Amino acid sequence: MHVIDTSSRAIAALMEFKVTPRKECKGRKRWQLGLGVSLGIIMPNLLAVAPAYAHVKWFAPYVVGAAPAPVGETLANGWFWLGLVLVLAFFAATVAIERSKIGPQVSGLLDYVGNPLWSRADDFMRAIVAAFFVAIFAVGGVYLTPDLQTPNEWVSWLQLLIALLVFSRRTMPLAAAGIIGLWVIALRDYDFFHLLDYLALGVGVAGYLALAADPAGKWYKHRFAILRWGVAIALMWSSLEKFAYAEWFYPLVEERPFLTFGMPRDTFIPMAGVAEFTMGFGLLWSPLIRRLSAISLLIIFITAVYPFGRIDLVGHALIMGTLFLSAADPTPSGLKITGLAPALGSVPAGLVAAIVVIAGSYWGLHGVFYDYTQDQSRPVAADGQLLTHLPNAEQPHGAIAPVQP
């Protein structure tokens, strides 16, 4: 109750903040109303699951080939369903507001704030891509993310070359090819299923660079859409680890208990998974849902930098850059549905379809690539049970059972 009261007072205080409106705005009160409504929709999402989303494979040991928890365990988890109900309620409220009389005022506020960024969107995104590849060049020893390590020095120089190729439209397609090439080269050292974590994001960024290189092309106008789809699918895919391998997150939660905001571990992890999946899904829906989902995710990713450091900032740079643009983007998105009732009904229908497709692909492909009955390469705990992550002396995340040789 204290958190809810505090957030309510913060929203009320912000509504009193004076904003100089544009000429076409009818008055300060409408801007205040739009700001209050926007925060009112965002805050429940953040209060429900406001932890920092760090990619667990960057900070904790893991075994990709371990058998995931059965889907039935998730479907039997009451916290999973509670999270879905809360999200659907927030999305329904957003759709109703978007189609009401104050909907244009809320969108106008977001347009007013985001216009300086959106007017230089291509420059911003190209700078983000270049900065990302310069950063991982400086770090060295990785393909695309912190957990894809490599001893090959030439990989880092290829990443620097990609950064340089981004600054000219003529060479941007070569940069796109380089990103896909790095992913393909990583297949020599890592399982295909492991690299699926980064396929959608890599294709999204490469697709953006390829389309942005030709302003006269018929697909040029879709360059930001393919980037957003790549990030959305990447977020939905990675969120499934919180259901398939909840135990991977136990060491991090035990080491940093403040992440759960006092929630029990087994309550927090599935609800955080629901939040990550649904806000990723929100990036593909109506303009207001997309923009508020992007803002919510940005707040969460930015707060992750403090507890997890520069690795988290660099690793999520491409995602965060895309989220800034998704929040600033004033163009329509999602399905074109007339009528409030069909629009409200499309949200649960679309979310269920996304869960079936993404989760079905995750569990299905994992079963295709790994043989759970014959794979004995996973570490064994003292009690004889197979572990799903390997203790690492350099990453002592809490107390982990000793491992037999």
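Rules of the game
Residues numbered from 1 in each chain as written. Predicted model: local features only at pLDDT ≥ 70, side-chain atom pairs only at ≥ 80, totals over all residues. Heavy atoms only, no water. Helix = DSSP H or I, 4+ residues; strand = E, 2+ residues; numbered from the N terminus. Buried < 20%, exposed > 50% of the residue type's maximum accessible area, 1.4 Å probe, protein only. Contact = heavy atoms within 4.5 Å. Areas by Shrake-Rupley, 256 points an atom, 1.4 Å probe, with all protein chains shown as cover. Patch = residues over 30% accessible without salt bridge, like charges linked within 9 Å, V, L, I, M, F, W, Y side chains within 5 Å. Salt bridge = Lys/Arg side-chain N within 4 Å of Asp/Glu carboxyl O. pLDDT = per-residue confidence, 0-100. Core = buried A, V, L, I, M, F, W, Y, C linked by side-chain atoms within 4.5 Å. Axes fitted to C-alpha atoms, helices over the stretch in contact; angles between N-to-C directions. Parallel < 35°, antiparallel > 145°, perpendicular 65-115°, else oblique. Expected span 1.5 Å × (residues − 1). Phe/Tyr/Trp six-rings, centres within 6.5 Å; stacked < 30°, edge-to-face > 60°. Lys NZ or Arg CZ within 6 Å of the ring centre and 35° of its normal.

J.: Outline the overall build of the chain, listing residues and values.
T.: A count of helical and extended segments in the chain gives 18 helices and 0 strands. The 405 residues of the chain split such that 49% are buried. For the chain, the share of sequence-separated contacts (at least 6 apart) that also reach a separation of at least 24 residues comes to 75%. Summed over its atoms, the accessible surface of the chain is roughly 19,000 Å², and 67% of this surface lies on carbon and sulfur atoms.

J.: Outline the environment of Leu259, supporting the account with residue identities and numerical values.
T.: Tracing the backbone shows Leu259 in the loop between α13 (250–255) and α14 (265–282). Residue Leu259 is classed as buried on the basis of its relative accessible area, which comes to 8%. Considered as a pair, Leu259 and Pro307 are 48 residues apart in the sequence and their alpha carbons are 9.0 Å apart.

J.: Provide a residue-level description of a nonpolar patch on the surface, including the pertinent values.
T.: On the surface, a nonpolar cluster with roughly 630 Å² of combined accessible area is contributed by Ile180, Val184, Leu187, Phe192, Val203, Leu365, Val368 and Phe369. Looking at the nonpolar patch, the elements with two or more residues in it are α9 (172–186), α10 (192–212) and α18 (340–369). Counting residues per element, the nonpolar patch draws most heavily on α18, which supplies 3 residues. Relative to the helices and strands, Leu187 is located in the loop between α9 and α10. Look at Leu187 and you get partly exposed, because its relative accessible area is 32%.

J.: Please give an account of the pattern of salt bridges that cites residues and values.
T.: Applying the stated criterion across every chain yields a total of 5 salt bridges. When the shortest N-O distance is used, the salt bridge between Asp122 and Arg223 registers 2.9 Å. With Asp122 in helix α7 (residues 121–139) and Arg223 in helix α11 (residues 223–239), this residue pair connects regions lying 101 residues apart in the sequence. Residues Asp122 and Arg223 agree in their burial class; the two are buried. A salt bridge links Arg265 to Asp266, with the nearest nitrogen and oxygen atoms 3.4 Å apart. Its relative accessible area of 30% is what places Arg265 among the partly exposed residues.

J.: Any chance you could break down the confidence of the model for the chain for me, citing the residues and the numbers?
T.: On average, residues of the chain score 79 in pLDDT, and 77% of them are at 70 or above. Below pLDDT 50 for its whole length, residues 1–54 participates in 84 contacts with residues either more than four positions away or in separate chains. Per-residue pLDDT stays below 50 along residues 375–405; that stretch engages in 61 contacts with residues further than four places along the chain or on separate chains.

J.: Which residues make up the environment of Val64, and what are the values?
T.: Note that Val64 resides in the loop between α3 (56–59) and α4 (71–75). For Val64, a relative accessible area of 10% corresponds to the buried category. The sequence separation of Val64 and Tyr190 amounts to 126 residues, and the corresponding C-alpha distance is 9.9 Å.

J.: Hey, could you go over the nonpolar core for me, with residue numbers and the actual values?
T.: Judged by nonpolar contacts, the single largest core of 93 residues is most densely connected at Phe133 and Leu209. At 11 residues, α10 tops the list of elements feeding residues into this core. In contact with Leu209, not counting residues within four places along its chain, are Val129, Val166, Met172, Ala175, Ala176 and Ile179. The next biggest cluster of nonpolar side chains, apart from the first, holds 5 residues, and it includes Val106, Leu110, Leu288 and Leu292.

J.: Now, about the packing of α9 against α10: what can you tell me, with residues and values included?
T.: Running from amino to carboxyl end, α9 crosses α10 at an angle of 175°, the nearest separation of the two axes being 8 Å. By the angle class used here, α9 and α10 are roughly antiparallel. Note on element contacts: α10 touches α9 through Phe192, Leu195, Leu196, Tyr198, Leu199, Gly202, Val203, Val205, Ala206, Leu209, Ala210 and Ala212, opposite Met172, Ala175, Ala176, Ile179, Ile180, Trp183 and Ala186.

J.: Give a detailed account of α18, specifying residues and quantitative values.
T.: It helps to recall that an α-helix has 3.6 residues per turn; residues three or four apart then point in one direction. When the terminal C-alpha atoms of α18 are compared, their 44 Å separation across 30 residues agrees well with the 44 Å that a helix rising 1.5 Å per residue should span. Every buried residue of α18 is listed here: Ala343, Ser346, Val347, Gly350, Leu351, Ala354, Ile358, Ala359, Tyr362, Trp363 and His366. Those residues of α18 that are buried are in contact with α4, α5 (78–98), α10, α11, α12 (241–244) and α14.

J.: Residue-level account of the packing of aromatic side chains, with values.
T.: Here the structure, examined in full by the defined rule, presents 18 aromatic pairs. Ring centres of Phe91 and Phe281 lie 6.5 Å apart, and the angle between their planes is 25°; this geometry places the pair in the stacked category. Separated by 190 residues along the polypeptide, Phe91 in helix α5 and Phe281 in helix α14 bring together distant segments of the chain. Judged on exposure class, the residue Phe91 and its partner Phe281 are both buried. When the centroid spacing of 6.2 Å and the interplanar angle of 75° are considered together, the rings of Phe124 and Phe324 count as edge-to-face. Pair noted here: Phe124 is in helix α7 and Phe324 is in helix α17 (residues 317–328), with a separation of 200 residues, a long-range link. Judged by its relative accessible area of 22%, Phe124 falls in the partly exposed class. With a relative accessible area of 34%, Phe324 lands in the partly exposed category. Members of the aromatic cluster, connected to one another through ring pairs, are Phe193, Trp237, Tyr362, Trp363 and Tyr370. Positioned over the ring face of Tyr250 is Arg265, at 3.6 Å from the centre of the ring.

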